[in-house]
Amino acid sequence: MSIRDPRRGHGDLEQEILDVLVIAGQPLTPAAVRERLPGDLAYNTVTTVLGRLHEKGRVTRDLQGRAYAYLPVQEQAQITAFQMSRLLSDEADRAAVLARFVSTLSPADEAFLVGLLNRDGEDPETADQR
């Protein structure tokens, strides 16, 4: 579905907003996103959807003046890591959740995680490319 289709199914508005952000290639405020969308959406609707996308880890935001400006997150690993972090932060017994999570890892994934934890601040992506 393109950003020109006036009828939207479930989740389509989120995708249209993400498309607008990707096409723009720069941070956009809700007002700027709204201007680029077809139809006459309410500013609050665009703001709400952007807030939900931020909660899901699909966009990042920075305060610009009195409004946030949003950028799409295009790396799936970053989205998944954000979602995992958010789920963990909602748990009262974080140690139990982490222990359960580690117990489900394959030996190779567990060894990789141990290696990441022992790198003392190195960027795991650049260190992994050595």
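Everything here concerns the structure above.
Structure report, in brief. Remember, predicted model here, so these are calculated numbers, not experimental data.

## Observations regarding the nonpolar core
I17, L21, V33, L37, V46 and L50 are the most contacted members of the largest nonpolar core, which totals 16 residues. Elements that contribute at least two residues to this core include exactly α1 (12-24), α2 (30-36) and α3 (43-55). The element that contributes the greatest number of residues to this core is α1, accounting for five residues. For L37, the contacting residues outside a window of four places in its chain are L13, E16, I17, V20 and V46.

## As for the pairing of strand β1 (residues 59-64)
Relative to strand β2 (residues 67-72), β1 is paired through six bridges, and the arrangement is antiparallel. When the bridges of β2 are listed, R61 appears paired with Y70. The turn linking β1 back onto β2 is made up of two residues, and G65 within it adopts a positive phi angle of 70 degrees.

## Examining the environment of T48
Position of T48 among the secondary structure elements: in helix α3. Residues T48 and P30, spaced 18 residues apart in sequence, show a C-alpha to C-alpha distance of 9.3 Å.

## As for the environment of L87
Locating L87 in the fold gives a position in helix α4 (residues 76-89). A sequence separation of ten residues divides L87 from V97, and the C-alpha atoms of the two residues are 9.8 Å apart.

## Quick notes on the side chain of E14
Locating E14 in the fold gives a position in helix α1. One polar contact links E14 to K56, side chain to side chain, over a distance of 2.9 Å.

## Some remarks on α3
Along its 13 residues, α3 runs 18 Å from first to last C-alpha, staying within 8% of the 18 Å computed at 1.5 Å per residue. Among the residues making up α3, those that are buried are V46, V49, L50, G51 and L53. Check the buried side of α3 and you find it contacts α1, α2, β1 and β2. One or two steps after α3, the chain reaches G57, where phi turns positive at roughly 80 degrees.

## Here we look at the packing of α1 against α3
Between α1 and α3, whose axes approach to 10 Å, the crossing angle comes to 85 degrees. With respect to their mutual orientation, α1 and α3 come out roughly perpendicular. In this structure, α1 contributes L13, E14, I17, L18 and L21 to the contact, and α3 contributes T45, V46, V49, L50, R52 and L53. For the contact of α1 with α3, a count of residues per class yields eight nonpolar, one polar and two charged.

Definitions and cut-offs
Per-chain numbering applies: the sequence of each chain, read as written, is numbered from 1 onward. Reporting of local features is limited, given that this is a predicted model, to residues whose pLDDT is at least 70; pairs of side-chain atoms are given and counted only at 80 or more, and all residues count toward the totals for whole chains, interfaces and linings. Excluded from the side-chain calculations are hydrogens and water; all other atoms, namely the structure's heavy atoms, are used. Buried Ala, Val, Leu, Ile, Met, Phe, Trp, Tyr and Cys residues form a nonpolar core when they are joined through side-chain atoms within 4.5 Å. Categorising residues by exposure relies on relative accessible area from a 1.4 Å probe, with only protein chains included: less than 20% of the type maximum marks a residue as buried, more than 50% marks it as exposed, and the intermediate range marks it as partly exposed. Secondary structure elements are taken from DSSP: a helix is a run of H or I of four residues or more, a strand is a run of E of two residues or more, and numbering for both begins at the N terminus. Here a residue-residue contact requires only that any non-hydrogen atoms of the pair lie within 4.5 Å. Whether two strands pair depends on DSSP finding at least two bridges between them. Nitrogen and oxygen atoms within 3.5 Å of one another constitute a polar contact, given that in protein one can donate a hydrogen and the other can accept it, and given that sequence-neighbouring residues count only through two side-chain atoms. Expected helix span is computed as 1.5 Å times (number of residues minus one). Under this scheme, a helix contributes an axis fitted over its contacting stretch, all axes are lines through C-alpha atoms, and angles between N-to-C directions fall in the 0 to 180 degree range. For this classification, under 35 degrees means roughly parallel, over 145 means roughly antiparallel, 65 to 115 means roughly perpendicular, and everything else is oblique. All residues other than Ala, Val, Leu, Ile, Met, Phe, Trp, Tyr, Cys, Pro, Asp, Glu, Lys and Arg, Gly among them, are scored as polar; the first ten of these are nonpolar and the last four charged.

Function cannot be read off these values alone, since they describe shape.
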